[in-house]
Amino acid sequence: METSLSFVLQAIANGLAMGGLYILVALGLTLILSIMGILQLAHGEIYMIGAYLVYYLTSSLGISLYIAILISMGAMGLIGLVLERGIFRPCKGDFLSVITVAIALTLILRSYAVAQFGLFERTVPKLASGSLVFFGVAVPKDRFVAMLIAAAMSVALYLFLKMTRYGQAMFACAQNPEGARLRGINPDLISPMAMMIGCALAAAGGAIAGSIWMLTPTMGTLPLVKGLIIIVIGGMGSLSGAIVAGIFLGLMDGIIPVFFGPVVTSIAPLVIVVLILLVKPQGLFGHG
Amino acid sequence: MKRKSISQIVVVMVVLAGFLALTSISSPDRARAAETIKIGSLMPQSGPLAVPGMAWNRGFEIYADVLKDQGGITINGKQYVFEVLDEDAQGSADAARSAALKLVHREGVKFVLGGLLEPVIQATNSVCEKAGVFYGATNANIPGHPADVSPDKPMQVRLNINYDDTHVVDLKYLKEHYPEAGKLAIVAPDIGYEPMIKRFREQTAERKFDIVHVEKFQWGTTDFVPVMTKVLKSKPDVIFAMVSGQAQYQLQAARQLGFNGPFVSNSPLAPGVFFNVVGRDICDKLIINSINTVETNEHIEEVINRWEEKYGERFVTDGVQGYDALWVLAQAIEEAQSLDPKKVMDAFESLTERGDLETCHGPACMGGKERFGVNHVLMRPIPVTHVVDGEIASTEMFPARCE
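On to the overall build of chain A. Check the secondary structure of chain A and you find eleven helices and two strands. Relative to a compact globule of 288 residues, whose C-alpha radius of gyration would be 19 Å, chain A shows 19 Å and is just as compact. If you line up chain A on its principal axes, its C-alpha atoms span 60 × 50 × 35 Å. Every one of the 288 residues in chain A was classed for burial, and the buried ones make up 53%. Look at the contacts in chain A between residues 6 or more apart in sequence, and 75% of them connect residues 24 or more apart.

So, in structure tokens, the structure goes:
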């Protein structure tokens, strides 16, 4: 029984760490979706480029990992600003154009990464090494730190949205753009902010994932898929939904593989999405 | 969308693409010589096997450069050098078949090297055999698979050892260095390794080891913590990572979850890859079937130096296997004194004594008759590198199994 309990606790610990990373990606995606009304399919590539930037800063310039993550977040935030102004704003309201430019951006950024860094995997320094032991369960320190960073960023974002004027304006734009406009809030000022925050969060997620695993030009695909699943489960544009669904999906990815084989592991999230859509089509926290 | 907006998007995309193109790396020129033997290279250069595929391909290119610098091989008094024509096999049978057809019929290639996956090997051999072209398959992830060498494939040789040949060597090494370790757990990708696992079970049973767990992970897995959580539930003394290019991540996950026993990886991943990726602090009691790239012989050193000079990237050990493959083909062509693929096949079949062929790993031969019914497999020495406390403690070369 003791073995079984520690086995389950181990799986939960694995899942919580995964959930933290998913949340960082999903928060950015859902912020952009709710405020700008666009599905940023190149978000995974922002995550990937953010990670490679950290690789460059740490390996070539010798900058420490945590400073490099902050620089990467800032740089990707600025790139987000350029993308919003130069690419996404002109397409706003035209679904097909948004999808087309996002896919084009994905291909350009991925090809750039292949040409610049090659297909060979790269690594960035570890967030931490070794393990922590809680109640007989070993939790890798790097995942524990990743979980703390994700939690800190989620709380910071929540406080920003709740406590600041700009945050409230973002909320207003997300809930009712026309109403926000009538209250004197200019969505054209709020959209770049959402894009910058979204891209910065993606860069942080990419850098942390790169520190735990490895960097490849295709590393952004899986987080994008996970992010989209989280948005659907949590509810379109719901930040609290993204956090809950991120933890839920992380727990599933931590627990299911240790009890079932790879086939069940890969199809389970999709089955759950279908079930949730059948029962609550707007997602767990979405509005009708 | 307004015309101005469209122009704005196009301008931003073009500027972005232009900037990225300016800062990217251009591909190196392919060297050409007057008297050349065209070698078709059919390795995956995209998809999940792109890294080993490119490394093998680079190994071919480096050997071609070395041969050129040495003046080439002599056939009936005439000098020849190699020109490597590479095509992306993409890890798919259809892509490999199309690429093989192009190499054989458009480029007129008489010697093709490549593979890595069984469906690719089958597709390539079907094209080569029909056209009477020599085919050197680079790998056998699943020895004995219908794609592997057999008497009914007269134009196919395999220019690498069986990965399951490493099992006996590794078990012997384990017994000598960790005599108390009796319980083994196998970790393998779910790409049809069952015959190899079955053979390993027999080999371990003969040597009084118990297999307490077999964990097959999904191809493409990056997070091995859940995988190792399951493995460690069986409380193994040893973890055996079966032919995985991600063994370093498996080791990391196992160590993070508290496993302190010996960890065996029979892929050709070098110790340096483990050190660079997961750090020396967790590289302890690590047994790898890889060459020592730090203290090595002159051939391997030359491959590494040329790799770093030519590609400016970290060396990947599969490159040595690619180098060996083209080197032994050069030796067989010289032995045959002919560019006729059938005569080269005959020459290969005659080179069955240890030392008949030279490789970076040491003296080699062609073998495999006992197991596959035909001497169409390159038998070369098997390296075992032992890492203790983050340092390479030793590298032993187990001699090739020749007649």
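Here helix 10 (residues 239-259) of chain A contains 21 residues, and its C-alpha end-to-end distance of 30 Å stays within 8% of the 30 Å for a straight helix at 1.5 Å per residue. In terms of burial, helix 10 of chain A is largely enclosed, as 15 of its 21 residues are buried.

Right, let's get into the interface of chain A and chain B. Across the boundary between the two partners, chain A contributes 34 residues, which contact 37 residues of chain B. Counting only elements with at least two residues in the side of chain A that touches chain B, the list comes to helix 1 (2-36), helix 3 (65-91), helix 4 (95-117), strand 2 (137-140), helix 10 and helix 11 (262-279) of chain A. The element best represented in the side of chain A that touches chain B is helix 4 of chain A, accounting for seven residues. Within the side of chain A that touches chain B, the residues separate by chemical class into 19 nonpolar, twelve polar and three charged.

Attention now goes to the packing of helix 9 (residues 221-234) of chain A against helix 10 of chain A. All names here are of chain A. As a packed pair, helix 9 and helix 10 sit with axes 8 Å apart at the nearest point and diverge in direction by 120°. As far as their axial angle goes, helix 10 and helix 9 are oblique. Crossing geometry of helix 9 relative to helix 10 is assigned as right-handed. Contacts from Lys226, Ile229, Ile230, Ile231, Ile233 and Gly234 in helix 9 reach Gly241, Ala242, Val244, Ala245, Gly246, Phe248 and Leu249 in helix 10.

Our focus in this paragraph is the domain arrangement of chain B. All names here are of chain B. The domain architecture assigned to chain B consists of domain 1 (36-161 + 297-381) and domain 2 (165-294 + 384-398). Between the C-alpha centres of domain 1 and domain 2 there is a distance of 28 Å. Each partner contributes to the interface: domain 1 provides 18 residues, whereas domain 2 provides 18 residues. Of all elements in the fold, only helix 2 (50-70), helix 10 (298-311) and helix 11 (318-336) reach the threshold of two or more residues within the side of domain 1 that touches domain 2. No other element matches helix 11, which puts three residues into the side of domain 1 that touches domain 2. For the side of domain 1 that touches domain 2, the per-class residue count stands at eleven nonpolar, six polar and one charged.

Below, the discussion takes up unusual backbone geometry. Note: most residues except glycine have negative phi, and most peptide bonds are trans. Residue and element names in this part refer to chain B. At Val243, a position not held by glycine, the phi torsion is positive, near 35°. Note that Val243 resides in the loop between strand 9 (238-241) and helix 8 (247-256). Given 21 C-beta atoms within 10 Å, Val243 falls into the buried group. Phi at Lys285 is positive, roughly 50°, even though this residue is not glycine. In this structure, Lys285 sits in the loop between helix 9 (271-278) and strand 11 (286-288). When the 21 C-beta atoms within 10 Å are taken as the criterion, Lys285 is described as buried.

Moving on to the nonpolar core. Core analysis: the largest hydrophobic core is formed by 226 residues, its most contacted members being Val112 and Leu326 of chain B. A per-element tally of this core places helix 1 of chain A first, with 17 residues. The residues that make up this core include at least three from each of domain 1 (36-161 + 297-381) and domain 2 (165-294 + 384-398) of chain B. Those residues in contact with Leu326 of chain B, other than ones at most four positions away along the chain, are Ile39, Phe60, Tyr63, Ala64, Phe82 and Leu113 of chain B.

Residue and element names in this part refer to chain B. In this model, chain B carries an average pLDDT of 89, and 92% of its residues clear a pLDDT of 70 or more. Here residues 25-33 is a poorly scored stretch, pLDDT under 50, and it has nine contacts once near neighbours within four places are set aside; other chains count. Here the prediction assigns the complex a pTM of 0.81, and the interface score ipTM is 0.79.

All names here are of chain B. With respect to the element layout, Ala93 can be found in helix 3 (residues 93-106). Separated by 26 residues in the primary sequence, Ala93 and Pro119 place their C-alpha atoms 5.3 Å from one another. Here Ala93 is in contact with Pro119, Val120, Gln122 and Ala123, once residues within four sequence places are set aside.

The next subject is the pairing of strand 2 of chain A. Judged by which residues are buried, strand 2 of chain A turns out to be covered on both faces: Val137 and Val139 of chain A on one side and Ala138 and Pro140 of chain A on the other are all buried. Hairpin remark: strand 1 (residues 131-134) of chain A followed by strand 2 of chain A, antiparallel, with two residues in the connecting loop; positive phi at Phe135 of chain A, about 50°.

What counts and what doesn't
Residue indices begin from 1 for each chain and proceed along its sequence in written order. Lettering of chains starts at A and numbering of ligands starts at 1, both following the order in which they are written. With the structure being a predicted model, the display of local features is reserved for residues of pLDDT at least 70 and the display and counting of side-chain atom pairs for 80 or more, all residues being used for whole-chain, interface and lining totals. For the purposes of this entry, the term helix denotes a DSSP run of H or I that reaches at least four residues, the term strand denotes a run of E that reaches at least two, and both are numbered from the N terminus. Our radius of gyration looks at C-alpha atoms and nothing else; its globule reference is 2.2 Å times the residue count to the power 0.38. Whether a residue is buried, exposed or partly exposed is read from the other C-beta atoms within 10 Å of its own C-beta, which are placed from the backbone; 20 or more gives buried, 12 or fewer gives exposed, and intermediate counts give partly exposed. In this description, any two residues whose backbone-derived C-beta atoms lie within 7 Å of each other are considered to be in contact. In a helix, the anticipated span is given by 1.5 Å times the number of residues less one. Only Asp, Glu, Lys and Arg are considered charged in this grouping, and only Ala, Val, Leu, Ile, Met, Phe, Trp, Tyr, Cys and Pro are considered nonpolar; every other residue, Gly among them, is considered polar. Helix axes are fitted only over the stretch in contact, all axes being lines through C-alpha atoms; the angle between N-to-C directions runs from 0 to 180 degrees. Our angle categories are set so that under 35 degrees counts as roughly parallel, over 145 as roughly antiparallel, 65 to 115 as roughly perpendicular, and the remainder as oblique. In this scheme the crossing of two helices becomes right-handed for a clockwise turn of the near helix relative to the far one and left-handed for an anticlockwise turn of less than a right angle. Note that the domain bounds were set by an automatic or database domain assignment. Here, a nonpolar core means buried Ala, Val, Leu, Ile, Met, Phe, Trp, Tyr and Cys residues linked by C-beta atoms lying within 7 Å of one another. A residue's pLDDT is the confidence the predictor assigns to it, expressed on a 0 to 100 scale. Two strands qualify as a pair provided DSSP detects at least 2 bridges between them.

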